[in-house]
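Listed below are the residues making up each chain.
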Amino acid sequence: MKLTDEEKRIFSGEQGPGMQRAIDLLIRLGDSFDAERLMPISYGHVSYDYCPEAFWNLMTDGVSKTEHRVTSHPSYQPKTWKKWGLPLADNWVDEHERKLETFKRLGWLRTETCAEYLLGIFPRKGEIVSMSGSCMQVANNSLFGARVDRMGTLVSLAAAVCGRTPYMGLLKPENRFARHVIHVEKMNFSDWTSAHFHCLGYHIGAVIPGFKPIAVTGLPERLYFDSARALVISMPTSGAVTLAHVVGTTPEAPDLEAATGGIKPENEIKVGVSELIRTWESLNVCDYSIVDHVAFGCPHATIDEIGMIASMLEGKKLKSTMLIGASIPVEALAKRQGYGKIIEQAGGRFLPVCPSIRNPFARRDVAGEMQATSCATNSARAAHYLATVCGTKVFFGTLKDCVKAAINGKWEGRFPEW
Amino acid sequence: MVINAHTISRGEAEGEAVLYKGPFSFMGDLDPFTGKVTVPRHELEGLSLAGKIFIFTTGKGSSSGDCAAWVAKKKGNAPAAIICLESEPVLSGAVIAAGIPAMDRPEADIFEMIKTGDFIKINATEGTISIAMHKEV
C-alpha cells in the first residue's frame with residue numbers, strides 16, 4: 001500500500017504506540033483487499049463499550065485529541081441498570097467508566113446512538129466516513145448515498161484514531177452498483193408496517209450471497225423514511241449487504257438502470273408471499289405465549305415510532321417490562337411532546353442502549369436471575385440477536401402486537417395475511 | 001495434496017475440519033465463552049468450533065463480530081483457523097485483529113475435497129491448505 005509521508009511517520013511510531021498499532025491494522029486489512037491507499041474520513045464513529053478493554057487501551061495508548069469528529073455507538077448504562085434493580089449491573093461500572101474517561105479525553109462526542117441521522121449527524125452524498133455498527137453503515141450508505149464500507153468495531157476504532165480508512169469496497173464509486181437485483185412481487189403494501197419491511201430485509205440479507213450492493217425493485221416509490229430504514233437495516237443481520245439501492249426511494253437509485261449502472265447483475269431473485277411467510281415464522285423462536293419483556297428501538301426509535309407506542313398506552317399499565325432504545329435527544333423530544341410521560345407512567349423505559357445484542361433485561365450477565373425468558377419485538381434484527389446472543393425466546397410481530405403483549409403479558413400476535 | 005488460497009490473516013494451524021455451507025458471524029453464531037455454535041435450529045448448533053479449522057462460505061452480521069472474535073481467541077475458544085470462499089471486511093478485520101490465521105478464495109472446490117472430520121494443515125502466510133488425513137468412514 002502507498003502511504004503518504006505523514007502516514008509513514010505514524011507507521012514508524014512517531015505519533016505514539018496507539019496510532020502505530022491502529023494504522024498497522026488498517027494497512028493489513030487494506031492489503032487483504034488490495035487497497036492501494038488510505039483515505040481521510042469526514043468523521044468516525046466508535047463503540048467504546050463493545051470494544052474489549054485490552055484492545056481499546058492498545059489503540060488509544062498515547063493518542064491525543066483528534067482534529068476530526070468522532071461519535072459514539074449506543075453505550076452501556078450500568079448506573080441506570082442498577083437503579084432499575086438489575087442485580088449484576090455493578091460488574092459493568094468500572095470498565096465502562098475507564099473507557100468513557102479516555103473517550104472524553106480524546107474530545108469525542110457522546111451521541112450514544114445507532115441512528116445518528118436522527119440527531120442531524122449524517123454524511124452527505126459521496127462523503128467518506130468510517131463507523132462501527134452494521135445498521136448505521138447500511139443506512140448511511142443506502143438512505144443518504146454516503147461512502148461507508150462494511151467494517152468491524154475494532155477496525156472502526158483504528159480508523160477513528162488515525163482519521164483514515166483503507167480505500168476499498170463501497171468507498172470506490174465503481175463498486176457501488178448493484179450486483180444482485182431483488183424483484184418484490186406485487187402485494188398489498190398499504191397494510192405494511194415497519195415489521196413487514198424488517199421481515200423483507202431480513203429475508204433479502206439471507207438470500208444474497210456475499211456483501212456486494214443490491215437493488216430492490218417492485219416497492220412503492222418514495223417510501224416513508226421509517227419504512228425504508230426498516231427495510232435496509234436487517235440485511236446485514238442475516239447477511240452482509242451494506243448498500244441496498246431501493247429503486248424509487250434512495251438517492252443513487254432513481255431507476256433500476258442507475259442502480260445497476262447498466263451492468264448485468266450476477267443474480268436476479270424474486271421474493272413473494274411464500275418467502276415472507278416462512279421468514280416471519282423463522283423469526284419467532286417460541287413455544288408458549290408468556291411475554292416477559294418487549295424491546296423497541298432496534299435501530300434507535302424515531303419520534304413517530306415512540307408516538308405510536310404512546311398512542312396505545314394512555315392510562316394503561318404494563319405486565320411485562322418494556323425498553324425503548326432511543327438517543328437522548330429523541331427521548332427529550334418524546335418527553336417534550338408528552339409521549340414520554342404516558343410511556344413511563346405505563347411502566348415503559350427509555351435508554352440509549354442497544355435493545356437487542358446488549359439489552360440489559362435480556363442479558364443473563366446483567367439481569368442474572370431476573371433475565372427475561374421471552375421477549376417480543378417489531379425488529380427482525382432484535383429478534384435475531386435476542387434469540388442468538390441473549391438466548392431468550394422471541395416473538396416477532398408488529399408494533400401494535402408488541403404493545404398489546406406488553407400490556408397483557410402474553411403474545412396474541414398473528415402472522416400477517418400479506 | 002495442497003490447495004492454494006488467498007491470505008487474509010497470516011499464521012499456521014492444524015486441526016480437524018468443520019464445514020458449513022453458509023455464512024458465519026462471530027457475533028451471535030458462536031459463544032466466545034464456550035466456543036459453541038448458539039443459533040437455534042442451526043445444523044451446527046451446540047458444536048464447539050474451538051481449535052477446529054472452520055470452513056464456510058463468507059462472513060455476515062454485526063460489526064461487533066470482531067470483538068466477539070477477539071474475546072473467543074483470548075479465552076482459547078476460537079477456531080484454530082478459518083477458510084471461506086470469499087471474505088468480507090468485518091470477518092477479515094476480525095481475524096486480522098484477533099490473530100486467527102485465515103484464507104479465502106481457495107483455488108479448488110474445498111466443499112468437494114474436504115469433509116468434516118478430515119485432519120488438515122494450513123499455512124495462511126504462504127496461502128496453502130493440505131489435507132493430512134481423511135476421516136475414516
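Residues numbered from 1 in each chain as written. Chains lettered and ligands numbered in written order. Predicted model: local features only at pLDDT ≥ 70, side-chain atom pairs only at ≥ 80, totals over all residues. Heavy atoms only, no water.

### A few points about the overall build of chain A
So, step 1. Helix and strand content of chain A: 18 helices and 14 strands.
So, step 2. Rg of the C-alpha trace for chain A: 21 Å, near the compact-globule value of 22 Å for 418 residues, within the 12% margin.
So, step 3. Counting only C-alpha atoms and orienting by the principal axes, one finds that chain A spans roughly 65 × 55 × 35 Å.
So, step 4. Buried positions account for 64% of the 418 residues belonging to chain A.
So, step 5. When contacts within chain A are restricted to residue pairs at least 6 apart in sequence, those whose partners lie at least 24 apart make up 78%.
So, step 6. When the accessible surface of chain A is summed, it comes to about 15900 Å², and 49% of that surface belongs to carbon and sulfur atoms.
So, step 7. Charge-centre separation for chain A: the mean point of 47 positive side chains lies 3 Å from the mean point of 45 negative side chains. (Helix = DSSP H or I, 4+ residues; strand = E, 2+ residues; numbered from the N terminus. Rg over C-alpha atoms; globule rule 2.2 N^0.38 Å. Buried < 20%, exposed > 50% of the residue type's maximum accessible area, 1.4 Å probe, protein only. Contact = heavy atoms within 4.5 Å. Areas by Shrake-Rupley, 256 points an atom, 1.4 Å probe, with all protein chains shown as cover. Lys, Arg positive; Asp, Glu negative; His and termini not counted. Charge placed at Lys NZ, Arg CZ, Asp CG, Glu CD.)

### Considerations on the interface of chain A and chain B
The figure often quoted for interface size is the accessible area lost as the parts come together.
So, step 1. Contacts between the two partners involve 41 residues from chain A, matched on the other side by 31 residues from chain B.
So, step 2. Summing the contributions of chain A and of chain B, the shared interface buries around 2600 Å²; its carbon and sulfur component is 63%.
So, step 3. Run the count over chain A and chain B and you get one salt bridge.
So, step 4. Linking B:Glu88 and A:Arg150 is a salt bridge whose minimum nitrogen-to-oxygen distance equals 2.4 Å.
So, step 5. Our count for the contact surface shared by chain A and chain B stands at 14 residue pairs in polar contact (both at pLDDT 80 or more).
So, step 6. Residue assignment for the side of chain A that touches chain B shows that the elements contributing at least two residues are helix H2 (17-32), helix H3 (53-60), helix H6 (134-144), helix H7 (153-162), helix H10 (235-238) and helix H17 (380-388) of chain A.
So, step 7. The residue makeup of the side of chain A that touches chain B, split by class, is 21 nonpolar, 15 polar and five charged. (Buried area = accessible area lost by both parts, 1.4 Å probe. Salt bridge = Lys/Arg side-chain N within 4 Å of Asp/Glu carboxyl O. Polar contact = N/O pair within 3.5 Å; in protein donor to acceptor, adjacent residues only side chain to side chain. Nonpolar A, V, L, I, M, F, W, Y, C, P; charged D, E, K, R; others polar.)

### Considerations on the state of the cysteines
So, step 1. Tallying each qualifying case throughout the model produces zero disulfides over all chains.
So, step 2. Of all cysteine sulfurs, the one in B:Cys67 lies closest to A:Cys51, which takes part in no disulfide; the gap is 5.5 Å.
So, step 3. Here A:Cys51 falls in the buried class, since its relative accessible area comes to 1%.
So, step 4. Taking the relative accessible area as the measure of exposure, B:Cys67 reaches 3% and is therefore buried. (Disulfide = S-S within 2.5 Å.)

### Comments concerning the pairing of strand S11 (residues 321-325) of chain A
Residues and elements named next belong to chain A.
So, step 1. Counting buried positions along S11 gives four out of five residues, so the element sits mostly inside the fold.
So, step 2. Bridge count between strand S10 (residues 293-296) and S11: four bridges; the pairing is parallel. Note that in S11 the partner of histidine 293 across the bridge is threonine 321.
So, step 3. Running through helix H13 (residues 303-311), the crossover from S10 to the neighbouring parallel element S11 is right-handed.
So, step 4. Sheet topology places S11 next to strand S12 (residues 348-351); four bridges connect them, and they run parallel. When the bridges of S12 are listed, methionine 322 appears paired with glycine 348. (Pairing = 2+ DSSP bridges. Right-handed = clockwise from strand over helix to strand, strands pointing away.)

### Observations concerning the sheet that holds strand S6 (residues 180-184) of chain A
Residues and elements named next belong to chain A.
So, step 1. With respect to topology, four strands assemble into an open sheet ordered S8-S7-S6-S9, the strand pairing being parallel. Only two strands of the sheet have a single partner each, and these edge strands are strand S8 (244-246) and strand S9 (267-271). Strand-to-strand twist of the sheet, defined as the mean angle between neighbouring strand axes without regard to direction, takes the value 20 degrees.
So, step 2. Inspection of the sheet shows S6 paired to S9 by five bridges, in the parallel sense. Within the sheet, the bridge partner assigned to isoleucine 182 lies in S9 and is isoleucine 269. (Axes fitted to C-alpha atoms, helices over the stretch in contact; angles between N-to-C directions.)

### Some remarks on the domain arrangement of chain A
Residues and elements named next belong to chain A.
So, step 1. For chain A, the assigned domains are domain 1 (5-173), domain 2 (177-281) and domain 3 (285-408).
So, step 2. Between the C-alpha centres of domain 1 and domain 2 the distance comes to 28 Å.
So, step 3. Across the contact, 20 residues belong to domain 1 and 17 residues belong to domain 2.
So, step 4. Carbon and sulfur atoms supply 71% of the area buried between domain 1 and domain 2, which totals about 1500 Å² over both sides.
So, step 5. Inspection of the region where domain 1 meets domain 2 yields zero salt bridges.
So, step 6. On inspection of domain 1 and its partner domain 2, the count reaches three residue pairs in polar contact (both at pLDDT 80 or more).
So, step 7. Its residues assigned to classes, the side of domain 1 that touches domain 2 comprises 12 nonpolar, five polar and three charged. (Domains from an automatic or database assignment.)

### Notes on the pattern of salt bridges
So, step 1. On inspection of all chains with the given rule, the structure shows 26 salt bridges over all chains.
So, step 2. Where B:Lys121 meets B:Glu14, a salt bridge forms, and the shortest distance between an N and an O atom there is 3.9 Å. Taken as a pair, B:Lys121 in strand S7 (residues 119-123) and B:Glu14 in strand S3 (residues 12-19) lie far apart in primary sequence, 107 residues in all.
So, step 3. Assessed through its relative accessible area of 40%, B:Lys121 is described here as partly exposed.
So, step 4. The partner of B:Asp29 in a salt bridge is B:Lys60, with the nearest N and O atoms 3.5 Å apart. Placement of the pair is B:Asp29 in helix H1 (residues 26-29) and B:Lys60 in the loop between strand S4 (53-56) and helix H2 (65-74), with a sequence separation of 31 residues. In this structure, B:Asp29 and B:Lys60 share a single accessibility class: buried.
So, step 5. Connected through salt bridges with shared partners, the residues A:Glu6, A:Glu7 and A:Arg164 form a single ionic network.

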